[in-house]
Amino acid sequence: MAQSTHGAVDCIVVGAGFAGLCAAAKLEAEGFRVKVLEARDRVGGRTESGEIAGLTVDLGGMWVGPTQTALSSLGETLGAKTYPTFLQGRSVGRVKNRRVEVEGESLENEIGLVSKVKLGLLIAKLEKIGSEIDPGSPWESALAERLDRHTVASWADRNIGDRNVRTLVFFIVRSVFCCEPEDLSMLFFLFYLTSAGGLEVLVQAGPGGAQNHLYVGGLHQLAVKLADRLRSEIVFGAEVSAITQSETGVRVETSEADVYSAAAVIMTAPPPLVNLMRFDPPLPAAREELLKRQVMGACIKVWIAYETPFWREQGLNGSLVDDRNDVAPVFDVTPPGASVGLLSAFFDAKAAVDWKDRTPEARRDEVLRTLVAAFGDKAAEPVDFIERNWCEETFSGGCYGAYMPPGAMTKYGASLRRPHGRVFWAGTETSPVWSGYIDGAIRSGEAAAMDVAEFLKH
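Residues numbered from 1 in each chain as written. Predicted model: local features only at pLDDT ≥ 70, side-chain atom pairs only at ≥ 80, totals over all residues. Heavy atoms only, no water.

> Is there a simple way to think about the packing of aromatic side chains in this case?
Remark: the centre distance and the inter-plane angle together describe each pair of aromatic rings, the angle taken between the planes. A full pass over the atoms with the stated rule returns 17 aromatic pairs. Between tyrosine 192 and tyrosine 437, the ring centres sit 6.0 Å apart and the planes meet at 45°, which makes this aromatic pair tilted. In this pair, tyrosine 192 is assigned in helix H7 (residues 186-196) and tyrosine 437 in the loop between strand S23 (423-425) and helix H15 (438-457), connecting sequence segments 245 residues apart. Exposure remark for tyrosine 192: the relative accessible area of 5% places this residue in the buried category. (Phe/Tyr/Trp six-rings, centres within 6.5 Å; stacked < 30°, edge-to-face > 60°. Helix = DSSP H or I, 4+ residues; strand = E, 2+ residues; numbered from the N terminus. Buried < 20%, exposed > 50% of the residue type's maximum accessible area, 1.4 Å probe, protein only.)

Here is the structure:
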């Protein structure tokens, strides 16, 4: 295959997700020439739009919380409108092996007074430990090595005696990290909580929570609008295969034998994809080992449309939390004024792995079986149904983000944002604030852009 060489720019940004687009926008504002290389045929990374019952919805990331100021500010700048996650009425769940309905979104009141008190004490304990962790360098905490020796499961065995509380924490791990408690470093768990402002902020859909609002027309539209504003070229179908550095610049090769040149590179691709690229000179050993240990979560996201949000007629808000089902959590995500009712549901962690290779029809049957048990027979008759199997998405490697098993963060975490010569790192996993979220991706892209700008000026 003959190589095709392209003209040099100041910076090549690898990836047109929110980190890459925001990095390019920031560099443009600083007066630099930029080119964005994107392996997919679209922008948005781990956000993506789809259509159900004539409505545009998010097949990937979709929520924005009030403390996610980078994302909310971008949305305001681009003229996007939000609406709240519907929480009026009772949530459905299964606690202590029985079906329960509770007001709002919390099941705390149904785990028993003793368990509720113990949950409160646990949250206070996690906040105290978290206050001693600097999210910018969690590996430097005095408690880092001790915490990083534990998984969330092994730490819970020693520190959470109440079975109901432990079950709830494990459900949160699966829903937030899309992995099993036995796989997740306790240090990484606490870093993640701290970067988001605490456990309650991370899991709530009510005021102050990360799942508080959605975008009318979908969050993915922000990526499209941001890309449309760029002066820089975005090259689609450009899967980067090799990066070669010299004293004067960087040469970037793609799988299609295109060659691009620049003075610097910002790498925003998910860690497993970076691990497939060739670097000359090779990446430092610590960075290579870190990439091997940054594991993408497993998630299959589902949207279900009904003629009406019939669950509201029963006084239910469409929320479902049930650790015994493979399909959970579930939320009412119906936009205001919509002609249909919409639910969004998830296969997370091992459940996503277990269902990944089954047929779409089998997954649909399992979703509807779960919804019928929660909301009644009307749930068996959707007017439309779509899914996004992120476990099969080649250029993400999974969703929502990358997590770390025990030992990775203390041994190799210091290399997370350290440049490799002319190669700089961005992506939500590198952000000390709202790591793993779109807000973190935006922050990481802008921070890397300013680092590159400073590098290029000297």
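> Would you mind showing me how to read the pattern of salt bridges here?
Oppositely charged side chains can form a pair if their charged atoms are brought close together. In the structure shown here, the tally under the stated rule is 24 salt bridges. The shortest N-O distance in the salt bridge between arginine 40 and glutamate 393 comes to 3.3 Å. Here arginine 40 is found in the loop between strand S3 (34-38) and strand S4 (49-52), whereas its partner glutamate 393 is found in the loop between strand S21 (384-389) and strand S22 (402-403), with 353 residues between them in sequence. For the pair formed by arginine 40 and glutamate 393, the shared burial category is buried. Between glutamate 132 and lysine 128 there is a salt bridge; the shortest N-O distance is 3.7 Å. (Salt bridge = Lys/Arg side-chain N within 4 Å of Asp/Glu carboxyl O.)

> What is the right way to look at the environment of alanine 223 in this model?
Along the chain, alanine 223 falls in helix H9 (residues 220-229). Residue class for alanine 223 comes out buried when judged on its relative accessible area of 0%. Between the C-alpha atoms of alanine 223 and leucine 456, which are 233 residues apart in sequence, the distance is 26 Å. The residues contacting alanine 223, other than those within four sequence positions of it, are Phe18, Leu21, Val43 and Gly44. (Contact = heavy atoms within 4.5 Å.)

> Any chance you could explain helix H5 (residues 152-159) here in plain terms?
Note that an α-helix has 3.6 residues per turn; residues three or four places apart therefore point the same way. Listing the buried residues of H5 in full gives Val152, Ala153, Trp155 and Ala156. Buried residues of H5, viewed axially, fall in a sector of 160°; they line one side. Those residues of H5 that are exposed and aimed more than 90 degrees away from the buried face are Asp157 and Arg158. (Arc of directions from axis to C-beta.)

> Mind showing me how you'd approach the environment of isoleucine 129 here?
Considering the arrangement of structural elements, one finds isoleucine 129 in helix H3 (residues 113-130). Relative accessible area serves as the criterion here: at 13%, isoleucine 129 is assigned to the buried category. Sequence separation of isoleucine 129 and glycine 198 is 69 residues, and the distance between their C-alpha atoms is 11 Å. Those residues in contact with isoleucine 129 that sit more than four places away from it in its chain are Leu143, Leu147, Trp155 and Leu190.

> Hey, could you run me through the packing of helix H2 (residues 69-77) against H15 in this one?
In a pair of packed helices, the angle between the axes and the distance between the axes together describe the arrangement. Packing of H2 against H15 brings their axes to within 7 Å, and their N-to-C directions diverge by 85°. Classified by the angle between their axes, H2 and H15 sit roughly perpendicular to one another. In this structure, H2 uses Thr69, Ala70, Leu71 and Leu74 to contact H15, whose residues at the interface are Ile438, Asp439, Ile442 and Arg443. Looking at side-chain class alone, the contact of H2 with H15 contains 5 nonpolar, 1 polar and 2 charged residues. (Axes fitted to C-alpha atoms, helices over the stretch in contact; angles between N-to-C directions. Parallel < 35°, antiparallel > 145°, perpendicular 65-115°, else oblique. Nonpolar A, V, L, I, M, F, W, Y, C, P; charged D, E, K, R; others polar.)

> Which parts of the structure should I look at to understand the state of the cysteines?
By definition, a disulfide links the sulfur atoms of two cysteines through a covalent bond. Under the defined criterion, the tally for this structure stands at 0 disulfides. With no disulfide partner, cysteine 391 has as its closest neighbouring cysteine sulfur the one in cysteine 299, 7.2 Å distant. What makes cysteine 391 buried here is its relative accessible area of 19%. Summary of cysteine pairing: cysteine 399 is not part of a disulfide, and the nearest cysteine sulfur, belonging to cysteine 299, is at 6.3 Å. We classify cysteine 399 as buried; its relative accessible area is 4%. (Disulfide = S-S within 2.5 Å.)

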